[in-house]
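Working through the structure, step by step
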Amino acid sequence: ITGVLRDASAHLASEIRKSIDFYRESDRTAALGRVAVSGGAWQAAGLFELLKTELGAPVDVFDPFRHVSNAGAVGKESTGPAYAVAVGLAMRLDGD
């Protein structure tokens, strides 16, 4: 199973690199300073190392709860990144 997950991570990293390369073609001044990974995929086998290699930039886990007080068990390091979209939507104001 680990081999299959590593292959899937390698494919994902390659597709992310292609997307960034496409963007760079339209804006030659764009520089990639950092990559923040969120959602459930951040735990995929070997993804961090592959992204660092493919993109040549530091890779971090995005913490959607870093500015949320009293996040409790939901904001734990192991589950927090999976809630990035939910936290973002909850922070919206009327009219956004």
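Coordinates for the structure precede this section.
Reading the values: rules and limits
- Residues numbered from 1 in each chain as written.
- Predicted model: local features only at pLDDT ≥ 70, side-chain atom pairs only at ≥ 80, totals over all residues.
- Heavy atoms only, no water.
- Core = buried A, V, L, I, M, F, W, Y, C linked by side-chain atoms within 4.5 Å.
- Buried < 20%, exposed > 50% of the residue type's maximum accessible area, 1.4 Å probe, protein only.
- Helix = DSSP H or I, 4+ residues; strand = E, 2+ residues; numbered from the N terminus.
- Contact = heavy atoms within 4.5 Å.
- Arc of directions from axis to C-beta.

What follows deals with the nonpolar core. Soluble globular proteins tend to pack their nonpolar side chains together in the buried interior. Ranked by size, the top nonpolar core spans 11 residues in total: A13, I20, V35, V37, W42, L47, F48, L51, L55, A57 and V59. Of all the elements in the fold, those that place two or more residues in this core are α1 (2-26), β1 (35-37) and α2 (47-55). When residues no more than four places from it in sequence are discounted, the contact partners of L51 are A13, I16, V37, G56 and V59.

What follows covers α2. Every buried residue belonging to α2 is among L47, F48, L51 and L55, and all of these are buried. One face of α2 carries all of its buried residues, which in axial projection span an arc of 100°. Facing away from the buried side of α2, by more than 90 degrees, are the exposed residues E49 and T53. In this structure, the buried side of α2 is in contact with α1, β1 and β2 (59-61).

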